[in-house]
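Each chain, letter by letter, is given below.
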Amino acid sequence: MSSVFYVTTPIYYANAEPHLGHTYTTVVADMLVRWNRMHGREAWSVSGTDEHGEKMVEAAEKAGTSPQAFTEQISAVFQRTWAELGIGPSAFVRTTNPKHVANVTKLLQKVWDEGWIELREYEGLYCVGCERFLTERDMKDGLCIDHERAPERRRETNYFFLMSRAFGWLRQYIEEHPDFIRPERYRNEALAMLRDESGLGDLSISRPKDRLDWGVELPFDRDHVCYVWFDALISYLTGAGYPDDPAFEARWAVAEHLIAKDILKPHAIFWPCMLHALGIPPYKHLSVHGYWNVDDRKISKSLGNVIRPLAMRDRFGFDAFRYFLLRDMSFGVDSVFTEDALVARINADLANNLGNLVSRTLNMTGRFCDGRVPEPEEPGEAEDEVRAAAETAARAVDEHVEKLEPARALEAIMRLVDATNRYVDQREPWKAAKDESRAGELRTTLFTCCQSLRAIAVLLLPFVPDSATEILSRLGVPELADEARLPDSALGFELPAPGTETRKGAPLFPRIDSSELSEGED
Ligand code: MSP
């Protein structure tokens, strides 16, 4: 496996502030970065803001300001939000950034020089929300399905990227690389789009300046600006250091794009065709997740029902929120967001299950062993079982993260928490503590709990980094938060070593009383 990892989130439109959907993709990217770093890989991540196009002009007009000032402000909110939540990418690309504009200009020229672009008259139904011409499939009752607004009939002279020339190549590439687009349902969707070429055709990649002048000018015709998607997709190259960063090629060879299903077509069809025309190899994976729905409708800026990540952090703690996102969405399938589901999940998994193990382990180590990890006796069958459960969990986490199944990885960690809690229930150390003749057994039990908790915390580091770091610190091994290597640090029962000082601390995940919550909300 490569020693480099490169992941991207979409470059979010800078026309409204970050919401739950953006946060989910960005959290998954952050989890993957942390997990890959723990495997010793050099991990690089890119996010950014998509700042050109009609959508921005419309939004800026509404806000009574210029597109430049408007996108500047929203982009800063995205950057600040990710930084405050500790999920900031290694590089943040703004499509108005001069280096990115230079890349788009250069690559447009290249595609033009190599004969992939043609001037044509075009008439169709355009949705400003999607920033593209719609096909029958994109509409219901005359409205754009995603934006629930009527598209406009437009007739224009546009430059076309002769994308259809690459369809044969792309079909074959997808067929020969089964995990190029995953999960499989989206691969099948991409293949279906390619089979039904009537819905695709070539791609209009220009807008006449007299209608829209907020974009990258075409280097071969100054009266047109570049279509926003052609511009935005190139940000994945800019973010990886194209063209002059020596790390670019190694990153690009392993590029992993994360998106939701709404933008499958530009990523599964336009982008590989663009790369093909540019003579740049395709990305490695396109990983597509479903939608978070609120009240059974897609959350989006235009529909208005918005969950803000900073507000969620203030109310529940960001780790708890991110745990919920990663645990409750099965990657690739839609999920419904409700506060009740969030509270139920936090209470069941974090407050009761994990929180209970943390507090009972550290409380009893404090009370019965002077706050130090005790010296164990020879492990017996019960201890071997806990250890085997840790090994199973470590293997499962790796397997599931590699297949992009974060929910199943967390499920596996929670099984280890369950197994350890059951072990404590069976050993009843509170009884052993009252019986001098069981002193050895008591030490072995609490030693085993500390070891298992350390394994759990290490496995949780990519998912709930602050809480996992806190557990390691309470166990007296804070250095593991930076040095832990997977799967090793989750295995071998050697740390924390006997004699290590532990600390009880306040409840990590206080139970949330949902009745109080809803009252507070009204
Ligand atoms: N600017 C384009 C992307 C260009 S990438 C070269 C864009 N921006 S967006 O702001 O609309 O972001 C879309 C992405 O945000 C989705 O693909 C997904 O990553 C995330 N989400 C937005 N709403 C979502 C949900 N309701 N649920 C899950 N994720 C969603 O499209």
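So, a few notes on the structure that sits alongside this text. (Residues numbered from 1 in each chain as written. Predicted model: local features only at pLDDT ≥ 70, side-chain atom pairs only at ≥ 80, totals over all residues. Heavy atoms only, no water.)

## Here we look at the sheet that holds strand β15 (residues 285-289)
Filter applied, for reference: Paired strands are those between which DSSP finds at least two bridges. A run of H or I in DSSP becomes a helix once it reaches four residues, and a run of E becomes a strand once it reaches two; helices and strands are each numbered from the N terminus.
Judged by pairing direction, the sheet is parallel, and its six strands sit side by side in the order β3-β2-β1-β14-β15-β9 without closing on themselves. Both edges of this open sheet fall to β3 (91-94) and β9 (181-182), since each of them pairs with a single strand only. Summarising the sheet, strand β1 (residues 4-13) and strand β2 (residues 42-50) pair through eight bridges and their orientation is parallel. Bridging across to β2, Y12 finds its partner in T49.

## Some remarks on unusual backbone geometry
Operational definition: Relative accessibility thresholds used throughout: buried, under 20% of the residue-type maximum; exposed, over 50%; partly exposed, between the two (1.4 Å probe, protein chains only).
For the bond from L486 to P487, the omega torsion is -5 degrees, close enough to zero to count as cis. Residue placement: P487 occurs in the loop between α19 (480-483) and α20 (514-521). Between L495 and P496 the backbone carries a cis peptide bond, its omega angle lying at -5 degrees. With respect to the element layout, P496 can be found in the loop between α19 and α20. Positive phi values are uncommon outside glycine, yet D141 reaches one of about 50 degrees. Mapped onto the elements of the fold, D141 is located in the loop between β6 (139-140) and β7 (143-144). We classify D141 as exposed; its relative accessible area is 74%. With phi around 60 degrees, D370 is a residue other than glycine that occupies positive phi space. Mapped onto the fold, D370 is located in the loop between α13 (339-369) and α14 (381-402). Accessibility expressed as a relative area gives 71% for D370, which makes it exposed.

## Some remarks on the site of the ligand
Condition: Each residue is tested against the molecule or strand, and it is near if at least one of its non-hydrogen atoms lies within 4 Å. What qualifies as a polar contact is a pair of N or O atoms within 3.5 Å, subject to a donor-acceptor requirement within protein and to the restriction that residues adjacent in sequence count only when both atoms come from side chains. Here the Shrake-Rupley method, with its probe set to 1.4 Å, supplies the accessible areas, and only the displayed protein chains count as covering residues. Asp, Glu, Lys and Arg are counted as charged, while Ala, Val, Leu, Ile, Met, Phe, Trp, Tyr, Cys and Pro are counted as nonpolar; the rest, among them Gly, fall into the polar class.
Inspection of the region around the ligand gives 24 residues, with I11, T25, D50, D262 and W292 positioned closest. In this structure, an oxygen atom belonging to the ligand sits 3.0 Å away from a main-chain N or O atom of Y13. Measuring from a nitrogen atom of the ligand, one finds a backbone N or O atom of W292 at 2.9 Å. Relative to its unbound accessible surface of 670 Å², the ligand loses 96% to contact with the protein. At the level of elements, β1, α1 (20-38), α7 (228-233) and β14 (255-260) are the ones that each hand at least two residues to the shell around the ligand. At four residues, β1 tops the list of elements feeding residues into the shell around the ligand. Residue composition of the shell around the ligand, by class: 14 nonpolar, seven polar and three charged.

## Topic: the packing of aromatic side chains
To be explicit about the condition: Two rings belonging to Phe, Tyr or Trp (six-membered ring only in the last case) form a pair when the distance between their centres is within 6.5 Å. Interplanar angles under 30 degrees mark stacking, angles over 60 mark edge-to-face geometry, and anything in between is tilted.
Enumeration according to the criterion identifies 24 aromatic pairs in this entry. Taken together, a centroid distance of 5.7 Å and an interplanar angle of 15 degrees make the contact between Y12 and F78 stacked. Residue Y12 is found in strand β1, and its partner F78 is found in helix α3 (residues 67-85); the two are separated by 66 residues along the sequence. Taken as a pair, Y12 and F78 share a single burial class, namely buried. Here a set of aromatic residues connected by ring pairs shows up, and it is made of Y6, Y236, Y242, F248, W252 and W271.

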